[in-house]
Amino acid sequence: MSGLVVAVVLFAALLHASWNAIVKSGKDTFLTTVLVSAGAALISLAILPFVDAPAPASWPYLAASAVAQLAYYSLLAAAYKAGDMSHAYPLMRGSAPLIVALASWPLIGERLSSMQMGAIACICAGILGLYIAARRPATAIAAKNKGRATAFALGNACVIASYTLIDGIGVRLSGAPAAYTMWIFVLNGTGLLLWTVLRRRAGLLAYAQTQWRLAALGGFGTLASYGLALWAMTQAPVAAIAALRETSILFAIAIAALFLREKISPRRYVAIGLIAAGAVLMRIA
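The structure displayed is predicted, hence computed values, not measured ones.

Visitor: Could you clarify how one ought to interpret the pattern of salt bridges in this entry?
Guide: Charged atoms that come close allow side chains of opposite charge to pair. Tallying each qualifying case throughout the model produces one salt bridge. Among the ionic pairs, Asp28 bridges to Arg200, the shortest N-O distance being 2.8 Å. On the criterion of sequence distance, the pair formed by Asp28 in the loop between α1 (3-25) and α2 (29-47) and Arg200 in helix α7 (residues 177-233) is long-range, its members being 172 residues apart. For Arg200, a relative accessible area of 34% translates into the label partly exposed.

So this is what it looks like as C-alpha cells:
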C-alpha cells in the first residue's frame, strides 16, 4: 500500500471522528444526523454537474448502498442517544473490518497477506480493548442504556461491513469514484430527509434554524471522509482500507481528551498502541 493511500485514509479517519463528534454533541442526535446527511446531499448536488456519471453497471450497488446507509444513520443516532461515543464508536468501527476481512475473500476474491491480517487483528484488538477498558455503569439505568448502545453499535457494525463490501465493488465498476460517492449521499440524504419530514417536520424545521451550521460542517466531513475512503478502495484491497480507516478511533480519543477533557486510563493507552501498531503494519505490508 503506497504512502499516499495511507495518508489519504488517515485523513479520512480524522474527518470521520470529527463528524461523529458533531453528531454526539448535538442536542438531538437523530435530528443532527439528519442535518449532517442533508448537508452532504446538498454539497453533492452542487458538485455532480462537474463530474462524470458512474457507469450503469454500478447503479444496482448505488441503490443497495443507499438503503444500507439509511439503516447506518438511524442506528448511529440510536447508539449515541443510548450511550457514550467512547463506548459505541469502538464497537461500531472495531467489529466492521473483521467482518469485511472474513467476507471479502469468498465474495470478491481478495486475499490478504499474513502481515495485512496481522494488522487487521491489531487494529481490531486495540479498538475492542478500548471498549473493555470502559468503566462499568454505576446504576441499573446506565447498565440498561449501555446494553442498548451495545446492541445498536453491533448491529451497525454489520451494516457498515455490508455497505463497505457493496461500495468496494460498486466504486470499481463505476469508473467514476467521485460521482459514485456523490450519488450515495444524494440518495440516502434525500431518503432520510423525506422520512423525517413525514414524521417530525415541525421539530426538524425548528432544530435546523438554530443548528444549520452542523449541516455544513458535518455534511462536508462525512462526504469527504467516505469519498476519500472509496477512492482508496480503488487503489488497495477493500479489507485493508476498511481496517486502516478504523484508526479514526485514535482521533476520537484525542478529541475526547483535548476538547471533552475525558481521562485516558493506562488500559486505553495500551489499546491505542495496538491500533497504532496495526497502522504501521498496514503501511509496510
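Visitor: How do you make sense of the environment of Ile241 when you look at a structure like this?
Guide: Along the polypeptide, Ile241 turns up in helix α8 (residues 238-245). In this structure the C-alpha to C-alpha distance between Ile241 and Val5, which are 236 residues apart in sequence, comes to 8.8 Å.

Visitor: How should helix α9 (residues 248-258) be read in this particular structure?
Guide: Each α-helix turn comprises 3.6 residues. Residues three or four places apart therefore point the same way. Inspection of α9 places Ser248, Ile249, Ala252, Ile253, Ile255 and Ala256 among the buried residues, and these make up the whole buried set. Looking straight down α9, one finds its buried side chains confined to an arc of 160 degrees; they lie on one side.

Visitor: Teacher, can you tell me more about the nonpolar core here?
Guide: Within soluble globular proteins, side chains that are nonpolar generally end up buried alongside one another. Membership of the largest hydrophobic core comes to 76 residues, with the highest contact counts inside it found for Tyr72, Tyr80 and Ile249. Looking at this core, the element that brings in the most residues is α7, giving 15 residues. Not counting residues up to four positions away in its chain, the partners in contact with Ile249 are Tyr89, Pro90, Ile127, Leu130 and Ile275.

Visitor: Hey, could you run me through the packing of α2 against helix α3 (residues 59-82) in this one?
Guide: Between two packed helices, both the angle of their axes relative to each other and the distance between the axes serve to describe the pair. Direction vectors running N to C along α2 and α3 enclose 145 degrees, while the axes themselves pass 8 Å from each other. Crossing of α2 against α3: the hand is right-handed. In this structure, α2 contributes Thr29, Phe30, Thr33 and Ser37 to the contact, and α3 contributes Tyr73, Ala77, Tyr80 and Lys81. Within the contact of α2 with α3, the residues separate by chemical class into four nonpolar, three polar and one charged.

Visitor: What am I meant to see in the confidence of the model for the chain here?
Guide: In low-pLDDT regions, the fine details of the predicted coordinates are not to be read closely. On average, residues of the chain score 84 in pLDDT, and 92% of them are at 70 or above. Taken element by element, the predicted model of the chain shows its lowest mean pLDDT in helix α4 (residues 85-108) (75) and its highest in α2 (92).

Visitor: How should I be thinking about the side chain of Ser225 in this particular structure?
Guide: For Ser225, the position within the fold is in helix α7. A relative accessible area of 0% places Ser225 in the buried class. Here Ala12 takes part through its backbone oxygen, which lies 2.9 Å from a polar atom of the side chain of Ser225. With near-sequence residues (within four places) excluded, Ser225 lies in contact with Ala12, Leu15, His16 and Arg245.

Visitor: How do you make sense of the state of the cysteines when you look at a structure like this?
Guide: Cysteine pairs can be linked by a disulfide, which is a covalent bond between their two sulfur atoms. Evaluated as defined, the whole model comprises zero disulfides. Here Cys122 is not cross-linked by a disulfide; its sulfur's nearest cysteine counterpart is in Cys124, at 9.6 Å.

Visitor: Got a minute to help me understand the packing of α3 against α7 in this structure?
Guide: For the pair α3 and α7, the least separation of the axes is 14 Å and the interaxial angle reads 50 degrees. Taken together, the axes of α3 and α7 lie oblique to each other. Every residue of α7 that contacts α3 at Tyr61, Leu62, Ser65, Ala66, Gln69, Leu70, Tyr73 and Ser74 is listed here: Tyr180, Trp183, Ile184, Phe185, Leu187, Asn188, Gly191, Leu192, Thr222 and Tyr226. Considering only residue class, the contact of α3 with α7 consists of 12 nonpolar, six polar and no charged.

Criteria and thresholds
- Residues numbered from 1 in each chain as written.
- Predicted model: local features only at pLDDT ≥ 70, side-chain atom pairs only at ≥ 80, totals over all residues.
- Heavy atoms only, no water.
- Salt bridge = Lys/Arg side-chain N within 4 Å of Asp/Glu carboxyl O.
- Helix = DSSP H or I, 4+ residues; strand = E, 2+ residues; numbered from the N terminus.
- Buried < 20%, exposed > 50% of the residue type's maximum accessible area, 1.4 Å probe, protein only.
- Arc of directions from axis to C-beta.
- Core = buried A, V, L, I, M, F, W, Y, C linked by side-chain atoms within 4.5 Å.
- Contact = heavy atoms within 4.5 Å.
- Axes fitted to C-alpha atoms, helices over the stretch in contact; angles between N-to-C directions.
- Left-handed = near helix turned anticlockwise from the far one by under 90°.
- Nonpolar A, V, L, I, M, F, W, Y, C, P; charged D, E, K, R; others polar.
- pLDDT = per-residue confidence, 0-100.
- Polar contact = N/O pair within 3.5 Å; in protein donor to acceptor, adjacent residues only side chain to side chain.
- Disulfide = S-S within 2.5 Å.
- Parallel < 35°, antiparallel > 145°, perpendicular 65-115°, else oblique.

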